[in-house]
Amino acid sequence: MSIYIDDEKRLFHLQGKNTSYVMQVVRDGYLAHLYWGKRVHTYRGSNKIIFMDRGFSPNPDASDRTFSLDTLPQEYPAYGNGDFRTPSYQLQLENGSTITDLRYSDYRVYKGKPKLNELPSTYAEDENEVETLEILLEDQLLELKITLTYSIYQDLDVITRSVHFHNQGSQSLKLLRALSANVDFRDDEFELMTLYGAHNNEKNIVRRKIVPGVQMVDSCRGTSSPQQAPFLSLVRKETNEEQGEVYAFNLVYSGNFTAQVQVDQYHNSRISIGINPFDFSWLLDPKETFQTPEVVMVYTDQGLGKMSETFHELYRTNLCRGPFRDKIRPIRVNNWEATYFDFNAEKIEQLAKEAKQVGIEMFVLDDGWFGKRDDDNRSLGDWIVDRRKLPNGLVDLANRIRALGLEFGLWFEPEMVSIDSDLYRNHPDWCLHVPDRPHTLGRNQLVLDLSREEVCDYIIDAISNILASVPITYVKWDMNRHLTDIGSAALPSDRQRETAHRYILGLYKVLEEITSRFPNVLFESCSSGGGRFDAGMLYYMPQTWTSDNTDAMCRLNIQYGTSLVYPPITMGAHVSSVPNHQVGRITPLDTRGYVAMAGNFGYELDLTAITEEEKEVIKQQISLYKKIRPLIQFGKFYRIFSPFDGNEAAWNFVSEDQSETVISYFKILSQPAAPLRTIKCKGLNPDYVYQNVETGELFGGDELMNVGITLPRIKQDFLSMFWRFKKA
Ligand code: DGJ
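Remember, it's a predicted structure, so these values are computed and weren't measured experimentally.

Tracing the backbone through its elements, the reader meets Asn 268 in the loop between β16 (257-263) and β17 (269-275). Discounting chain neighbours no more than four positions away, the residues touching Asn 268 are Phe 185, Arg 186, Asp 187, Gln 262 and Val 263.

Phe 249, Leu 365, Trp 369 and Phe 408 are the most contacted members of the largest nonpolar core, which totals 188 residues. The residues contacting Phe 249, other than those within four sequence positions of it, are Trp 36, Val 183, Phe 185, Pro 230, Phe 231, Leu 232, Ile 271, Ile 273, Val 295, Val 296 and Met 297. By size, the runner-up hydrophobic cluster in this structure holds 20 residues, among which are Phe 641, Tyr 690, Leu 711 and Met 721.

With that settled, consider the site of the ligand. In the vicinity of the ligand lie 13 residues, with Asp 366, Asp 367, Lys 476, Asp 478 and Asp 548 positioned nearest. Within the side chain of Asn 480, a nitrogen or oxygen atom sits 3.4 Å from a nitrogen atom of the ligand. The separation between an oxygen atom of the ligand and a polar main-chain atom of Gly 529 is 3.2 Å. Coverage of the ligand by the protein chains reaches 99% of its 290 Å² of free accessible surface. Tallied by class, residues from the shell around the ligand come to 4 nonpolar, 3 polar and 6 charged.

Another point: unusual backbone geometry. Cis geometry is adopted by the peptide bond preceding Pro 579, which originates at Val 578 and carries an omega value of -5°. The residue Pro 579 is located in the loop between β29 (571-576) and α10 (589-596) in this model.

Taken together, 8 strands build a closed barrel; the order of strands is β21-β22-β23-β26-β27-β28-β29-β30 and the barrel is parallel. Averaged over neighbouring strand pairs, the angle between their axes works out to 30° when direction is ignored. Packing of helix α11 (residues 612-634) onto the sheet brings it into contact with β29 and β30 (600-604), and relative to β30 it is tilted by some 155°.

With 5 of 5 residues buried, strand β14 (residues 231-235) is to be regarded as a mostly interior element. Neither face of β14 is open: one carries Phe 231, Ser 233 and Val 235, the other Leu 232 and Leu 234, and all of them are buried. Summarising the sheet, strand β11 (residues 191-198) and β14 pair through 3 bridges and their orientation is antiparallel. Bridging across to β14, Leu 192 finds its partner in Leu 234. For β14 and strand β15 (residues 246-252), the ladder comprises 5 bridges, and the chain directions are antiparallel. Following the sheet pairing, Leu 234 is matched in β15 by Tyr 247.

So, about the UniProt feature "domain: Glycosyl hydrolase family 36 N-terminal" (unreviewed entry) in the chain. Mapped onto this structure's residue numbering, the UniProt feature "domain: Glycosyl hydrolase family 36 N-terminal" (unreviewed entry) falls at residues 29-284. Between the C-alpha atoms that bound residues 29-284 there is a distance of 25 Å. The span itself is 0% helix and 46% strand.

So, about the UniProt feature "domain: Glycosyl hydrolase family 36 C-terminal" (unreviewed entry) in the chain. In this numbering, the UniProt entry assigns the feature "domain: Glycosyl hydrolase family 36 C-terminal" (unreviewed entry) to residues 648-725. Helix makes up 9% of residues 648-725 and strand 42%. Its end C-alpha atoms lie 22 Å apart.

Enumeration over the complete set of coordinates arrives at 57 salt bridges. Residues Asp 374 and Arg 388 are paired through a salt bridge, measuring 3.0 Å at the closest nitrogen-oxygen approach. Of this pair, Asp 374 sits in the loop between β22 (362-365) and α4 (393-403) while Arg 388 sits in the loop between β22 and α4; the two residues are 14 residues apart in sequence, bridging distant segments of the chain. Close ionic contact of Arg 378 with Asp 420 constitutes a salt bridge, the shortest N to O distance being 3.0 Å. Residue Arg 378 is found in the loop between β22 and α4, and its partner Asp 420 is found in the loop between β24 (416-418) and α5 (422-426); the two are separated by 42 residues along the sequence. The exposure class assigned to Arg 378 is partly exposed, which follows from its relative accessible area of 23%. Overlapping salt bridges bring together Asp 83, Arg 85, Asp 184, Asp 264 and Arg 270 as one network.

Between its terminal C-alpha atoms helix α6 (residues 453-469) stretches 24 Å, which fits the 24 Å expected from 17 residues at 1.5 Å a residue. Within the span of α6, buried status applies to Val 455, Cys 456, Ile 459, Ile 460, Ala 462, Ile 463, Ser 464, Ile 466 and Leu 467.

It is worth spelling out the side chain of Ser 20 at this point. Within the element layout of this structure, Ser 20 appears in strand β3 (residues 19-25). Among the polar contacts made by the side chain of Ser 20, one reaches the main-chain amide nitrogen of Val 40 at a distance of 2.9 Å. With near-sequence residues (within four places) excluded, Ser 20 lies in contact with His 13, Leu 14, Gln 15, Tyr 35, Trp 36, Gly 37, Lys 38, Arg 39 and Val 40.

About the thresholds
- Residues numbered from 1 in each chain as written.
- Predicted model: local features only at pLDDT ≥ 70, side-chain atom pairs only at ≥ 80, totals over all residues.
- Heavy atoms only, no water.
- Helix = DSSP H or I, 4+ residues; strand = E, 2+ residues; numbered from the N terminus.
- Contact = heavy atoms within 4.5 Å.
- Core = buried A, V, L, I, M, F, W, Y, C linked by side-chain atoms within 4.5 Å.
- Buried < 20%, exposed > 50% of the residue type's maximum accessible area, 1.4 Å probe, protein only.
- Near = heavy atom within 4 Å.
- Polar contact = N/O pair within 3.5 Å; in protein donor to acceptor, adjacent residues only side chain to side chain.
- Areas by Shrake-Rupley, 256 points an atom, 1.4 Å probe, with all protein chains shown as cover.
- Nonpolar A, V, L, I, M, F, W, Y, C, P; charged D, E, K, R; others polar.
- Pairing = 2+ DSSP bridges.
- Axes fitted to C-alpha atoms, helices over the stretch in contact; angles between N-to-C directions.
- UniProt positions renumbered as here; feature names shortened; annotations may be inferred.
- Salt bridge = Lys/Arg side-chain N within 4 Å of Asp/Glu carboxyl O.
- Expected span 1.5 Å × (residues − 1).

Dropping the structure here:
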């Protein structure tokens, strides 16, 4: 059992192996937050809330000037009754007022975890691994019911939260804000960590001290975005990879979000996370309901490494789904950087032949195979093979590639339409747009209005037709612009601000349908790289193209930052040619290989244009990756040196049974008078003796972890070193 309830005290204690989360219904039925942190055996209330009369903090009860919602730590606060901090929700009544009053009404506890209506969420395969508590709050005047759902994965120390609104009254209510979670901490001794970026520069780690006021990250781009990830964590000043407290939040959602910490006048810190209320509203007619996305909350006192380990394990086993969840992923070659739009069947076959020779397992045909797609200005939406390039069609090409002994994969960008396309000519109102206003273009394309059922059906049919008729075992699902002119021709005026969220619900519906129709197709999500690398997409597609930037040095940061939350198996990582197409840098082939091998491995270069010597290196890389693949894809990942701290990076992977490890070290720029460096492995069994697979040398696990390996003198830029040890 992991949820303990004291009915008399109306106290709820969620208890994981190492964590406790405690709430209590306090006077007048308000639900207060009491504690979240390291596990306590029995919570008896030593950290009492001290009530006192504070200036400018209003009181709901005239007879008690010490009780104010402005200072009460709460689970799901409102605005308007005395709490001036960021509220979790806000509703507008038919009379225009926005005052609501939610009080505790009831609770329910059960084993397992519910599926969220129309939204992705983490799941439990065995109902004994998770227990769920639902707390019902009620506004009696409005007959509005809100259910706060908390699920706790006992062994993982993960708590998930979401909120369900139910309008049981007779008037329409307009939701102006409906966040997924609020957590009030009674201090502000924290630093805030978030992940920011851009196209080609995703998932940079930023860490800053928090100060009074609001510190927020968000997206209003219609997707989770490369600019900010729907993730934040509060960490103590002393927290590092190995130790220190971390409170992390990650939203299982792919659309507009907000994630913020607000430090109030008394140095309490409030976390708010959920759908971005900016440009959002949702009409709740009588009897209607609204479900918020889920937020995953991780607490540990063992530093960022443990936080990531927890996210990795949860996402690999309780978020990703389908037969590929536990399957070794194929080594791919993708023709994008080899040919861009300029290819024909012969060229593709030549590339595939070379790929087979070096040991690659799958060929992926990228953009340019349909309509008249000679550049990125046309044809999106017309998912019909271009016979000028592929005269015998897709089936013939796929069969030829399969006859070589490779699997065949295909690129789509299903959520888009080009103005120069039959789809747009036939259905000009199927894109997001606003009447009488010109379109705002991005990559010269428009976004289809996935809030409309017929548009979703078109996408499902168009993609299904191809997947059903061509022997395809992999799909790259791309999305290359953000949402503008957000309006739908199908929605009434008072529901226009629902469009962005309805788009995401439509997308999830399409993905659910297509991925369940084709369970044996491996789907990789992409949005010009990691522009929509989020937990929502991973629920449908178990891997994501991490970045369009394939430069090995840039990838050190991008992959390192991504690993804060997402496991290596989810990160598409390819070796590309030099000079690198995005930054022009020339890095050694082995360095490019070792960087890409830290993820879900593949190639993205013209294999017909490389030397025999390079081919030989590639063959060796592939053969090595095949040997270490189970370890990389299903083992544990440990960060050792951060590229964000300076001129080097290092990490190691350890197999589940600790019998094997691989360690990678990268030096970015060679330095004069450089200090000698020692690299200390992590996650090994201290009692095992490990053998260096290459040299035969033997070292104890304790020695590799505590004494470490001294690195030789380095006199080269972009250098990499790699070790593989097996239990002797
Ligand atoms: C953006 C993707 O990230 C690239 O890998 C490639 O698929 C292009 N789109 C194709 O247009």
